[in-house]
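Chain by chain, the residues:
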Amino acid sequence: MARLLLRRAIHGALIIWLVATATFFLLHLAPGDPIAASLDSPLTPPVVRTHYRHEYGLDQPLSVQYGRWLVMMAHGDFGFSFPHRRPVSSVIASALPNTLLLMGVALLLSFVAGIALGLIQARHRGRPLDWGLGLGSLFFYSMPDFWLALMLLFLFAFVWHVFPVTGMFDPVMYPYYGFWQRVGDRLWHLVLPACTLALLSAAAIARFQRAALLDVAGEDFVLTARAKGVSERGVWLHHVLRNALLPVITLFGLALPVLLGGSVFVEKVFSWPGMGLLTVEAIGTRDYPLLCAAVVIASVLVIGGSFVADALYAVVDPRVRLE
Amino acid sequence: MRHLPFSRFVLMRTPLVASSLLPLLAAIACQPGDHARTAGDQYGGTMVIAVSGDADALVPPITVNSTSFEVDGLVFENLARPGATLDPIGDQGWTGELADSWTWGKDSLTIAFHVDTTARWHDGIPVRASDVKFTLQLYKNPKTASFVAPLLANIDSVSTPDSSTAVFWFKKRYPGQFYDAAYQMRILPRHVLAGTDPAQLQSSPFSRHPIGSGPYRFVSWMPRQSIELAADSSYHRGRARIQRLIWSVAPEYNASVVRLMSGDADFLEFVNPPDIPRVGHAPNVKLVPYPSMAYGYLLFNERDPNDPSKPNALFSDRTLRRALTMAIDRRRVTRSVFDSLGAVAYGPYTHTLPYFDSTVAELPFSPDSARRLLDSLGWHVGADGIRSKNGRALRFSMLVPTSSAVRMQTAVLLQAMFHDVGVQADVESADIGTVRQRNEGRQFETVIEAMQSDGNPSSILQSWGIDAAKAKDGGNAGSYENPRFDALVDTAVAQFDPKRARAYYFRAYGMLNEDAPAIWLWEPLTVAAVQKRIHPVDMRADEWFANISQWYIPSDERIARDQIRLAEVQR
């Protein structure tokens, strides 16, 4: 298994480098640069733009810029973000935890809800409850993430005033809250964006889980369990579900890119100051160093998630270990 | 010069189809409740300002975005501030800010500002004349790379005969001396910044935690989320009435509108025209129209986009530009795009400026005249309805940023009007970065531009002067060159009598209209939305927040977020 994981790790590193390199060249070949984007007024003296372009090496040939960027990346230096006027590492350090928090909660919610829904559907196969839940999950599965986010925002924040509109905390009261009040305030702001992401993923997981459960439910060992007198609840929870969870593990790896992609829109709608929103803003301001860093981090997260899924699969499935 | 980004144009989305909105605005803006209160119940409260972007660096010489500009404007001070007319000549109507008085030298080559001895930095250190001297040096230092530095070129130095007198020495006598000395720079604390390398200013701790002398002092900045200021109780010109100001960042415009209408936010600087009826009917919100310094125009590139050393085959012809201008019904364009919330632009200036010329001779909207002119130039209508000459069709592209619905819509209207006179104008939309770069590289045929005037009429040369045309990436992207225009503006700039200056500026504006380097299109009226408990909300065109220290929230109208105890804010 160690060889398998090592091979996956090398593949992952290669993919990250390829993605980062492609991103670097695509971004630099596109029109515009961070200086023109930030100092966009015709009234800005040209000498100021020239000064900053020289300072950040944007007047150098692309090959020189690429070489320097590679060296910097190898040293863990992501460069300087001109629009933010801060080192990229500092900008990311303030955004990445927010996205990880959002994704982590969304991932947890989506798997718990998805597996539970799949189980309910499988147990009630062909009945109205199965049909209803199937229709509901299909509804959310086919819904654009930004639209769902806007609808939840409209209903729960604007019409019913149940949850806050945007942000990670109440900008007015937060500084004066105690520790637990702050935790509560953050969780309160987390509900809508996390539920948006979770609803979309849970719908897919539920459909997948249902199919997996029904596959397993027809196996001989399930019949044996029933013949031995195991209760129906015990059959489903201890025999069917445990075996049907195996393929769902692969979904973990697949859910990460979906959540990461979805977080771009969800963070924008809810003004959640995470990596998705940061990336959208960086595209607008042609913030090369920040965009490259964001893409590298996203690649690491996606490939890392896939790697973890592979490892988990190998742990729980002896056949993979043998291979 | 004031440089603001043009994000408000990005925010404008769709045309107004409703009937005139001005009566609605007038009714809403004048609702009862803006009555005077006793001074005692005016101090306190919190105002949440919804903004779409975070600040970049809170150091005035290098500040480029609007949120930073607003925060800096309340944390720091200028030496003096112009009156509501924004007249840049002399010191008529100006009020002292950090300076309480000033004296002109006999030869007018010096101005001695007396710094208010009661002024203190927010860390308690008195403001000194040496701070003024240090500020000028910092702004002019090439390592600082301040976009204001070129505007200070005529200031030679500052001397400090005593601790409260800063004498500005000028290289020459000119009408804008006072404006440059008193208003171009926000004064910075020498005792904090003296040890900072100007090249590192943007990443210095000061840029994240500024110390100024203005009515509000910095409290906290949560990157990409919020910035908080608190009224400085020891402010030398009297404590501001609203205790806390919080800039709350929500990049999604619609989220800001929802926050305002639901009461989470108190102020939104700009409401999209289509949203005005909806926001105006919210029971807790009032709409406040205020003057704008923005205008839009279609710019002709007078140089070949593929080889800027050559003249443009079409637009180097003045008569052709005039004909195209006469083909456009600018009133209809303005009405279609802004309904009653916009006015036709007369030139590269707006109604709010002291040098606005409503008498300028405009080229009339006259499609027949346009057709005759085009015929006379040899552009004749072909079978397809498009004019051509020597086998070349009269066809060009209009570059428009996709992010600006207003400009996209304008382009479509222009396209139809050009087509009426046999001209094919293709709308070429591109993302804003591409538009900026092509603008800078002069790689366009025409482009629909939106500009924010800085209030100083002399800056017209930065967009239309010969030097700006010849500079590699100068502000004159259309490469309009007319030495007589430059001479008129130079003469106007040299006038000490405002009437004479105005006369020269008006002649220069007339020449711009005659030469038609652009088609002047529209200037939008800006409408802000604010919670009704905030009074009296008077805003200026140059800085909407200029009078914010006089705004207040009466004690009987305060809500939960206004009740934060003063002691907590003063922590």
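Since we're looking at a predicted model, the values are computed, not measured. (Residues numbered from 1 in each chain as written. Chains lettered and ligands numbered in written order. Predicted model: local features only at pLDDT ≥ 70, side-chain atom pairs only at ≥ 80, totals over all residues. Heavy atoms only, no water.)

(A) Region of interest: the overall build of chain B. Looking only at helices and strands, chain B has 19 helices and 22 strands in total. Relative to the globule expectation of 25 Å for 571 residues, the C-alpha radius of gyration of chain B, 25 Å, shows essentially globular dimensions. Each of the three principal axes of chain B carries a C-alpha extent, and together these read 80 × 60 × 40 Å. Within the span of chain B, comprising 571 residues, buried residues form 62% of the whole. Contacts in chain B between residues at least 24 apart in sequence constitute 70% of all its contacts with a sequence separation of at least 6. (Helix = DSSP H or I, 4+ residues; strand = E, 2+ residues; numbered from the N terminus. Rg over C-alpha atoms; globule rule 2.2 N^0.38 Å. Buried < 20%, exposed > 50% of the residue type's maximum accessible area, 1.4 Å probe, protein only. Contact = heavy atoms within 4.5 Å.)

(B) Structural context of the domain arrangement of chain B. All names here are of chain B. Segmentation of chain B into domains returns domain 1 (4–53 + 219–290 + 527–569), domain 2 (80–193) and domain 3 (294–524). With nine residues of domain 1 at the contact, the number on the domain 2 side is 14 residues. Across the interface of domain 1 and domain 2, roughly 880 Å² is buried in total on both sides, 40% from carbon and sulfur atoms. Between the two partners, domain 1 and domain 2, sit two salt bridges. Here E543 makes a salt bridge to R186, at a shortest N to O gap of 3.1 Å. For the side of domain 1 that touches domain 2, the per-class residue count stands at three nonpolar, one polar and five charged. (Domains from an automatic or database assignment. Buried area = accessible area lost by both parts, 1.4 Å probe. Salt bridge = Lys/Arg side-chain N within 4 Å of Asp/Glu carboxyl O. Nonpolar A, V, L, I, M, F, W, Y, C, P; charged D, E, K, R; others polar.)

(C) Structural detail: the interface of chain A and chain B. Every contact between the two is made by 50 residues of chain A and, on the other side, 60 residues of chain B. Buried surface at the junction of chain A and chain B, both sides included, amounts to about 4,700 Å², of which 59% is carbon and sulfur. The interface formed by chain A and chain B holds five salt bridges in total. Residues R224 of chain B and E281 of chain A are paired through a salt bridge, measuring 3.7 Å at the closest nitrogen-oxygen approach. Elements with a minimum of two residues in the side of chain A that touches chain B: α2 (34–38), α3 (46–55), α10 (232–269) and α11 (275–284) of chain A. Residue contributions to the side of chain A that touches chain B peak at eight residues, all from α3 of chain A. Counted by class, the side of chain A that touches chain B contains 29 nonpolar, twelve polar and nine charged residues.

(D) Layout of unusual backbone geometry. Between H535 of chain B and P536 of chain B the backbone carries a cis peptide bond, its omega angle lying at -15 degrees. Positive phi, normally seen in glycine, also occurs at S271 of chain A, with a value near 50 degrees. Position of S271 of chain A relative to the elements: it lies in the loop between α10 and α11. Judged by its relative accessible area of 2%, S271 of chain A falls in the buried class. Located in the positive-phi region is R442 of chain B, a residue other than glycine, with phi close to 60 degrees. With respect to the element layout, R442 of chain B can be found in the loop between α14 (432–440) and β20 (446–452).

(E) Spatial organisation of the pattern of salt bridges. Within this structure, the stated rule accounts for 30 salt bridges over all chains. R49 of chain A is paired through a salt bridge with E440 of chain B; the nearest N and O atoms lie 3.9 Å apart. Here the residue R49 of chain A occupies a position in helix α3, and E440 of chain B occupies one in helix α14, the pair thus bridging two chains. The same class applies to R49 of chain A as to E440 of chain B, namely buried.

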